[in-house]
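Geometric and topological summary
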Amino acid sequence: MSLTEIPAFARADGPDKVSGLGRYTADLTLTGMAHAAFRYADVPHGRIVELDTSPARAMSGVVAVITDADVPDIYLSAEIADRTLFARDVVRYEGEVVAAVAAVTPEIARAAAAAIVVRYEVLPAVTDIEAALGENSPLVHESWDSYATSGDVVRDRNTAMRSELHRGDADAAMATADVVVSGRYVADASHAVPIEPRAVVAEWQGDHLTVHTSTQVPFDARSRICETLELPTSRVRVIVPHLGGGFGGKCGAHFEPHIAALAKVAKRPVKLVFSRYEEFIAPDRRREGMIVDVATGVKHDGTIVARAAWLGIDNGAYMADATFFPQLAAMHVAGPYRTGSLKIEADLVYTNRQPSGSVRAPTAPQACWAIESHTDEIAVALDMDPIEFRRRNLVATGDVGPMGQVYDEIGALECLELATASAQASADQKPLGPDEALGVSMGWWPTFAVAAGAFAKMHADGTVQLVTGGQECGTGAVMTLRNLAADELGIDPELIELVYQDTAVAPEGPGASGSQTLLNHGRAVEVASQQIAAQLRELAADHLEAAPEDIVLAESKASVAGAPAASVAFTELVERAGAELLGTASVEMPEYPELPTSSTCIGDQGMGAWLAPQFSCHVARVAVDRDTGVVRVSEVHTAHDSGTIINLMGAHGQVEGGVLMGVGQALTEGTRYDDEGRQRNAGLLEYKLQTIADAPSIHTQFVEIATPNAGPRGAKGLAEAPNVATAGAIANALAKVIGQRVRELPMTAERVWRAQTADQSSTTTEQDQS
Amino acid sequence: MNPSSPMSPSSPMSQQINLTVNGMTWPVAVETSRNLCSVLRTEIGLTGTKEGCDDCECGACMVLLDGQPINSCSYLAAQADGREITTVEGLADGDELHPLQRNILSAGGVQCGFCTPGMLMSAYALLDRNPEPSIEEIRIGLSGNLCRCTGYARILTAVHETAVELNGA
Ligand code: FES
Ligand code: FES
């Protein structure tokens, strides 16, 4: 039986979720539990001249107040150790935590946090990416030079990291172009906005700590707690109840150490639940703002000869996990095209804003929006159909990527053909109106891999427990693991119970990040299940007097191939074995594609070669109200090469959710700041998510290419890829309707209206006269 | 824990009320400023009702008050005194899921599930006042409920299928 034939996909966590009986972190109450509140910096940049917690300590109902003075003297994070758990001396963004309070009610905790006296010497805030790079800019980190770092970082004033990607002589190649098109694109920062605000409940029993938390990365959370509170790994247990979405926003530092430290002092369990406002301003997981300046030289026949670009990426105040952003963004600006010579420079810049971190396909939606807008502008300059221009330049199997990777089987061109044909067929049926157009964008994304493990047990009653370090954040990826095991074992998935989201019982894994669950945990689950299957075959071979390799496992029974009538039930086999059957797997990272040395990259963070790269094409049907600038997306046609699709319903769900997030990013989702660097729209009324009334119809096709180095059954990841191409497709449709380019993301009604009425000057096209 | 806490029942700010939730009446003492969402979740222990924004913007906290959908985060518990409240825990008939619950699951309209309770209550109220809604009417009816995971398509399908199923078509 092929897994894709399973008609409906049953989520093991489904009944919990629809009945309201499943518990999320904020739903937990422990005996004697106190409630936490943070005191935030409030100023984007300032030196602390007074910090007096005594008014809070004096309040009735307050059980603990802690600051930097109450926790070990440790700098984090792993890549650049540029911050402490609680602010020390200087605050660098408005949402930085200065103090934490625990009290008997959330209301008292908040009142006590507000009563803490903090005075600052206000320092000039760094809020502009380009100005931050100037010689005269104030510094976000005065002592940047002294921070510990891991790996190859570039230290220079406000530059947190720099990457350069060079192939050939881009200047010389540019000089041979018939036409050079250049443009600037500026994307605002945005947010992950899971509907569940984060929550943490920490409880000590003696010197053992248990933390219930809404993290996407439980093992990472455990490491962070151990590192900052100086605890041995074996005494810290992280449990994730149901998780109400993450989208990357719940990776990384997540306030578990703060609450654990608070609970230790309070001598009782402590619970933190974020408000929506806090969810916007405090986490180190904002989607980074970005500037893309790009020039591309082409021949009249559409051949790209060179691309040169500079990217400015807003890192915010501290290093979350963004050291790889410059290289990854540079790869995206190179694009999934045969781009000739390349010179792409990317600066990740410290500013006095909330830290940026991996939000669903970090750097890609913005970089892709810029480069796919640019791609259409090149086609216009050449008087060529944008689809035809892409067709001529898209990478195909055997082509070489920006850093020299030779692509195995890939389906970029198939994605383009399928998505554009689907959109055209719909437009043929229902012709485009005068204010409507179709826009096309390509997208691409790597598949990330790490080592992972899994345990499996088959009990005497024939049921199975599958223990995985995988983290379910809603995608259904962990749920899918059950189907892989069921397929290996020949049992109904319903007989398999998943044990997950508990670091005390499961082997370590990367968690719900980087679209890795199926790829990594899936490989481990396959091996653990195969071990049990092998034991079942041995036992059955003995019983049925056949060779183990002739034993077929199906419907919880073993039989000899070709003789299904004489079978033996798994329950009987386990009983014969005298003990439950165990599988334990630990699988290594698959091999990454080799990189020849034909290109160079400064600031290499391992993003140059992509394991099982995923490609996509999105085509948006867009209508514009010319009077108001309001854009409406009625249809999005997508085609995705994400390898074999194992859970078809889940796959469609990922694409549909990713597309709608892309529509939001294209049109409404952008963080606005005041002059001092405070967020002005840190609420759902002002930071507008798409509603069901805005949602386009989404038509998805999967290009299932047999990629040699993909995961289980040839699957790649799929959680991030659908979030990459949508904004570019909408931008290109919009430009066709209004005849102008909107160069800022999100392309809000106001920006569209202004673009319609203003002269455009930031694209230039030079025709070579010689 | 702390006798002078304003949360304690003896506080002059608190009030004794009766909430009828999913058919069962609960006498509770609540501070007059407490919202219904928080009282349902903490005093009554029904945590199916979620809080996503505390500001009337996401719909995760939606419950029915005398059959009408309200955002319980922005509704004072005291105002619900003596009235009938239905939460997501009250949708199923014993172990039998309501068709909306069954269909939202089978259609693939549940991912992280955090919006699901509010979405279900909103859909329930919609079908109650309009048993045969058009697709457009479903879109309008559910536009106060944000979902970040699904792109809404499968939620729309589930509500439509349920309307058809309940009308015996
Ligand atoms: S929690 Fe009530 S509307 Fe968001
Ligand atoms: S399923 Fe996650 S918010 Fe709707």
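What counts, and at which threshold
Residues numbered from 1 in each chain as written. Chains lettered and ligands numbered in written order. Predicted model: local features only at pLDDT ≥ 70, side-chain atom pairs only at ≥ 80, totals over all residues. Heavy atoms only, no water. Helix = DSSP H or I, 4+ residues; strand = E, 2+ residues; numbered from the N terminus. Rg over C-alpha atoms; globule rule 2.2 N^0.38 Å. Buried < 20%, exposed > 50% of the residue type's maximum accessible area, 1.4 Å probe, protein only. Contact = heavy atoms within 4.5 Å. Pairing = 2+ DSSP bridges. Axes fitted to C-alpha atoms, helices over the stretch in contact; angles between N-to-C directions. Buried area = accessible area lost by both parts, 1.4 Å probe. Salt bridge = Lys/Arg side-chain N within 4 Å of Asp/Glu carboxyl O. Polar contact = N/O pair within 3.5 Å; in protein donor to acceptor, adjacent residues only side chain to side chain. Nonpolar A, V, L, I, M, F, W, Y, C, P; charged D, E, K, R; others polar. Domains from an automatic or database assignment. Core = buried A, V, L, I, M, F, W, Y, C linked by side-chain atoms within 4.5 Å.

This brings us to the overall build of chain A. Each helix and strand counted, chain A has 18 helices and 31 strands in total. In terms of C-alpha radius of gyration, chain A reaches 27 Å, essentially the compact-globule figure of 27 Å for 770 residues. On the principal axes, the C-alpha backbone points of chain A span a range of 85 × 75 × 50 Å. For chain A, the residues scored as buried account for 65% of the 770 residues in total. Considering only contacts within chain A whose residues lie at least 6 apart along the sequence, 79% involve residues at least 24 apart.

All names here are of chain A. Here 7 strands make up an open sheet; going across it, the order is 3-5-1-13-10-11-12 and the pairing mixed. Bordering the open sheet on either side are strand 3 (62-66) and strand 12 (236-239), each of which pairs with just one other strand. Strand-to-strand, the axes of this sheet are offset by a mean angle of 20°, without reference to chain direction. Sheet topology note: the strand 1 (residues 34-40)/strand 5 (residues 97-103) ladder contains 6 bridges and is antiparallel. Paired with H35 across the strands is A103, a residue of strand 5. The sheet contacts of helix 3 (residues 106-115) involve strand 1, strand 3 and strand 5, and relative to strand 1 the element is tilted by about 25°.

With that out of the way, let us pick up the interface of chain A and chain B. The partner chain B presents 48 residues to the 56 residues of chain A that form the contact. Across the interface of chain A and chain B, roughly 4,000 Å² is buried in total on both sides, 61% from carbon and sulfur atoms. Scanning the region where chain A abuts chain B turns up 4 salt bridges. For R154 of chain B, the salt bridge is made with E656 of chain A, and the minimal N-O distance between the two is 2.7 Å. Counting every contact that joins chain A to chain B gives 23 residue pairs in polar contact (both at pLDDT 80 or more). The set of elements that each furnish at least two residues to the side of chain A that touches chain B consists of helix 1 (14-19), helix 3 and helix 16 (648-667) of chain A. Looking at the side of chain A that touches chain B, the element that brings in the most residues is helix 16 of chain A, giving 8 residues. For the side of chain A that touches chain B, a count of residues per class yields 24 nonpolar, 21 polar and 11 charged.

The next point concerns the domain arrangement of chain A. Residue and element names in this part refer to chain A. Each assigned domain of chain A is listed with its residue range as follows: domain 1 (25-123 + 198-273), domain 2 (286-448 + 595-767) and domain 3 (450-587). Contact with domain 1, which involves 17 residues of that partner, is made by 21 residues of domain 2. When domain 1 packs against domain 2, close to 1,600 Å² is buried across both sides, 53% of that on carbon and sulfur atoms. The tally of links from domain 1 across to domain 2 stands at 0 salt bridges. Seen at the junction of domain 1 and domain 2, the total is 13 residue pairs in polar contact (both at pLDDT 80 or more).

Residue and element names in this part refer to chain A. Among the structural elements, T176 can be located in the loop between helix 5 (170-175) and strand 8 (179-187). Judged by relative accessible area, T176 falls into the partly exposed class, the value being 40%. Those residues in contact with T176 that sit more than four places away from it in its chain are K299 and V305. Of the polar contacts made by the side chain of T176, one reaches the backbone oxygen of A173; its length is 2.6 Å.

So, on to the sheet that holds strand 29 (residues 697-702) of chain A. All names here are of chain A. One open sheet holds the 4 strands; their spatial order is 18-27-28-29, and the pairing between them is mixed. Every interior strand has two partners, whereas the edge strands, strand 18 (436-447) and strand 29, have only one. The mean angle between the axes of side-by-side strands here comes to 20°, regardless of whether they run parallel or antiparallel. The sheet contacts of helix 16 involve strand 27 (611-625), strand 28 (630-641) and strand 29, and relative to strand 29 the element is tilted by about 130°.

Within the largest apolar cluster, 198 residues are counted, with the highest numbers of intra-cluster contacts made by L311, I730 and M747 of chain A. Each residue touching M747 of chain A, except ones within four places of it in the same chain, is listed here: W369, A666, L667, A727, I730, A731, L734, V742 and V752 of chain A.

Residue and element names in this part refer to chain B. Taken as a whole, chain B is organised into domain 1 (14-90) and domain 2 (99-166). Here the C-alpha centre of domain 2 lies 21 Å away from the C-alpha centre of domain 1. Facing 16 residues of domain 1, the contacting portion of domain 2 comprises 13 residues. Buried surface at the junction of domain 1 and domain 2, both sides included, amounts to about 1,100 Å², of which 69% is carbon and sulfur. Interface area lost by domain 1 to domain 2 is led by M62, L64 and V88, which between them contribute 42%. In this assembly, domain 1 and domain 2 are joined by 2 residue pairs in polar contact (both at pLDDT 80 or more).

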